[in-house]
Amino acid sequence: MSPVLELTGITKRFGTLLANDGIDLTLGQGEVLALLGENGAGKTTLMSILFGHYVADAGTVRAFGQVLPPGDPKAAIAAGIGMVHQHFTLASNLSVLDNVTIGTEKLTAWRSRRGAARRRLVELAERFGLPVDPDRRIGELSVGERQRVEILKSLYRDARILILDEPTAVLTPQESERLFSTLRGMASQGLSLIFISHKLHEVVAHADRVAVLRGGKLVAERPAAGASRAELAELMVGRRVVHASRVPLEPGQSLLRLDKVRVEAGGRRLLDDIALDLREREVLGIVGVAGNGQDALSRLFAGTAPQPAGRIELLGRPVARLDHAGLTAAGLAHIPEDRHHEGVVGDLSLYENAVLERIRDRRFSRLGLLRRQAALDHAAGLIRTFDIRGAEPTTRTRLLSGGNMQKLILGRNLVEQPRLIVASQPTRGLDEGAVAEIHRRLLEARGNGAGVLLISEDLDEIFRLADRVQVIFKGRLSAPLPIEAASEARLGLMMAGEDGDAPRAA
Amino acid sequence: MRLERRERTPRLLLVAAPLAAIATALVLCSLLIGLAGAPVLAAYATLFQEALGSRLGITETLTRATPLILTGLAAAVAFRARFWNIGLEGQFYLGAIAVAALGSGEWGLPPALLVPLLLLAGALAGALFLLGPALLKLRLGVDEVVTTLLLNFVAILLVSLLIEGPMKDPLAFGWPQSVPVTEAGLLPQLLARTRLHLGFALALLAALAIAFLNARTVFGLSARAVGLGTPAARHAGIPVGRVLLLTAMLSGALAGLAGAVEVTGLKGYVTTDLSPGFGTAGVIVAMLASLNPLGVVPAAIFVAAVFVGADAMARAHGVPSFIADVIVATALLTMLVALFLTEYRVRR
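Residues numbered from 1 in each chain as written. Chains lettered and ligands numbered in written order. Predicted model: local features only at pLDDT ≥ 70, side-chain atom pairs only at ≥ 80, totals over all residues.

J.: Can you tell me about the overall build of chain B, naming the residues and giving the values?
T.: Of the regular secondary structure elements, chain B holds 13 helices and 2 strands. The principal-axis extents of the C-alpha atoms in chain B amount to approximately 70 × 60 × 35 Å. Across the 348 residues in chain B, those meeting the buried criterion constitute 50%. (Helix = DSSP H or I, 4+ residues; strand = E, 2+ residues; numbered from the N terminus. Buried ≥ 20, exposed ≤ 12 C-beta atoms within 10 Å, placed from the backbone.)

J.: So what about the domain arrangement of chain A? Which residues, and what values?
T.: Think of interface size as the accessible area that goes away when the parts come together; that is how it is often given. All names here are of chain A. Taken domain by domain, chain A comprises domain 1 (3–237) and domain 2 (254–343 + 418–495). The gap between the C-alpha centroids of domain 1 and domain 2 is 33 Å. Across the contact, 10 residues belong to domain 1 and 11 residues belong to domain 2. Secondary-structure elements contributing two or more residues to the side of domain 1 that touches domain 2 are α6 (173–188) and α8 (229–237). Per-element accounting of the side of domain 1 that touches domain 2 gives the leading share, 3 residues, to α8. For the side of domain 1 that touches domain 2, the per-class residue count stands at 5 nonpolar, 4 polar and 1 charged. (Domains from an automatic or database assignment. Contact = placed C-beta atoms within 7 Å. Nonpolar A, V, L, I, M, F, W, Y, C, P; charged D, E, K, R; others polar.)

J.: Lay out the sheet that holds strand β8 (residues 192–197) of chain A in plain terms, naming residues and giving numbers.
T.: Within a sheet, neighbouring strands are paired by backbone hydrogen bonds and run either parallel or antiparallel to one another. Residue and element names in this part refer to chain A. The 6 strands are arranged β6-β7-β8-β3-β9-β10 in an open sheet whose pairing can be described as mixed. Edge positions in the sheet fall to β6 (81–84) and β10 (217–223), since each of these pairs with one other strand and no more. Ignoring which end each strand starts from, the neighbouring axes of this sheet average 20° apart. Each of β3 (32–37), β6, β7 (161–165), β8 and β9 (209–214) touches helix α1 (residues 43–50); the most contacted strand, β7, lies at about 150° to it. Of the strands in this sheet, β3, β9 and β10 are in contact with α8, which crosses β9 at around 30°. (Pairing = 2+ DSSP bridges. Axes fitted to C-alpha atoms, helices over the stretch in contact; angles between N-to-C directions.)

J.: Account for the environment of Arg-269 of chain A, naming residues and giving values.
T.: Residue and element names in this part refer to chain A. Position of Arg-269 relative to the elements: it lies in strand β12 (residues 268–279). Arg-269 sits 244 residues away from Leu-25 along the chain, and the two C-alpha atoms are 49 Å apart. Sequence-distant contacts of Arg-269, defined by excluding residues within four places in its chain, comprise Arg-262, Glu-264 and Gly-475.

J.: Tell me about helix α2 (residues 40–52) of chain B, residues and numbers included.
T.: Helical periodicity: at 3.6 residues per turn, an α-helix aligns residues three or four positions apart in one direction. Residues and elements named next belong to chain B. The end-to-end C-alpha distance of α2 is 18 Å, a good match for the 18 Å that 13 residues give at a rise of 1.5 Å each. Those residues of α2 that sit buried are Ala-43, Thr-46, Leu-47, Glu-50 and Ala-51. Down the axis, α2 shows its buried residues gathered within 115° of arc, on one side only. Those residues of α2 that are buried lie in contact with α1 (11–35), α3 (55–80) and α12 (296–317). (Expected span 1.5 Å × (residues − 1). Arc of directions from axis to C-beta.)

If you want it as structure tokens, here you go:
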């Protein structure tokens, strides 16, 4: 079988960083290839070179035997390569049909050939099992449906090689299953697919072949059938990763209790009469598909949200408003979802970010004057204690890797020994080593008596850390389930808005 | 050709950027000087000889730089917190007219305290003139670029109204100018037989004070955090609205102080041509200094030198003195490119 796609000796440098180092990779017709690797391993760079967004320093890309001109996405599309980005590139105010056809017609064309375009779209949707209504507006579609439109957009442009960047990141487990069976069907009709992932189970279950990238190098290629998850994990990280394990603890008194809490913004109800009770020495997981109110829930505890209606008790006392000063005084630490945007100011130094949240504290300022040396020492302590790598107190924070940035954010909170931690997506986008470290720290805080409200979209993380779990769907919270009573299938159904208790349709 | 963000910017580049920008601007403008039929090198030699080649030239340049340092600081302070105060000219005039109103000797203010009182009044007037736009932005989200820019015209017309009417100097032979500030309200000279006055020293002090404020105070760190990452600053519990309001007040006060210093140090009274564009030039100065308060001083001196020297160039070589505006404006454009190149590198 001759390969439809052939990458030879792809090398790409960013400054001193070698993002891709002499990578050779082939893709056969009808094959599903998984590209596995941690963040920063070079997966996205490699795919960007393939698609012409970047120009490689060395190496060539051949599609169907023809060498692609570097740095020319149009040539890549013309050669039959389609890319489905992790963040969709759809116009939400246009219809499905418009989004699919946009850019395929000449601006100077006298009339738009919508009839033909619609027939073609419907035909493609049917052939590949991607049902969508061409006239719905993108804004009305679910995330899974939007992804189908993205795929159709590539197919409409005659893609025969499809690259999907972390396609399951925004899907429920059930939606992911459906996606993979669609992809399998597409492969059986002769399309060739590459999907990027760092989830081992889906790689093993759904790919024909796995290529593992680490530190810019292709470290292994294996048939997926028979590959062991442990071996792949080790290849991906480069060493054995030891995950902290949760020991059962007796929860203590209530730290945070919400009852009938409601948040509205712009006429939309973001949180709808939610109730939860977080106690000492426990991790309460809140799981759900992105965009179901997690953001509003997390923001309640950042002190930056619109004030909620309903009853809130903090450390057993009812509170009227949740503002930053009050929350901090109560010993609450908040780990925001978007660390680059909200966690740190990237262009300030590490030591400035280390003290920013407590800048009025007598340790770090007096009479409005910064105690710079104290801040520098504090930052040096955090770097040591929390193993923040490749950084000094005066390093520009933007230069830290995601994992080290998160260690800084978590560290500056944990060092204050909080009684309550609200962490939103604390390990999203981090590599396995950093994930294990963050998990260990959170469990350690739990062991020291803190309560952790863990808002996550990652079921593995929930199963690893949470004592109890509640599902968030359309701004509502389910009743809490002990983690022993929750299965991936049951949570998946609840995340899709179905009753997890109802008997499953066969 | 494509651009890639730099991982880190070498220090050398930060120093070289403004110098390269100015050199490039001078090269570009030499085309215009050549077009005007003048020998380029001789013309530039005349310009810098006039501005920096003699005791008188240097003091004239520093005198001209004094209000520019202050308006440059005003812009740097505001822009650092991403508050786009384009109303420096208006705040300058408000500061100037407040000084003229209080310094005429009518109010029985103690002569010994008159100078500090007048400077304070000028700063306060400038700050208050920016209060409206600042509150509109914070409360209603009104774009401060529009409001501050338009208030410049309001300020000029207000000054015009006052000096044609209630504040008109009856001894000025009908010229529209304000009553002069009394002797006790004027700033002392720094050097005999020059026009250089205490205001220059005050401007230098202001630059040092702002540099200290930025680097070493809670307020300075808060303002930088707000400017560099508002959501993260808010998340860290920094009162973003209050910081922005105080920053705006500080910026307006510095611009108002510029007007006050120009009146008490140099002119003694207010006319509507008191400022040959100190407000707009302040924005350019701040950008040339990449918003660094200490960098504002050399940047202001460069801009002042170009303006002072351009007249001599016009006399000696027949190049229209408008070339000064062109040089300064070109320097702003090249500086923006240079700043961009300190953050990004060009790759093939």
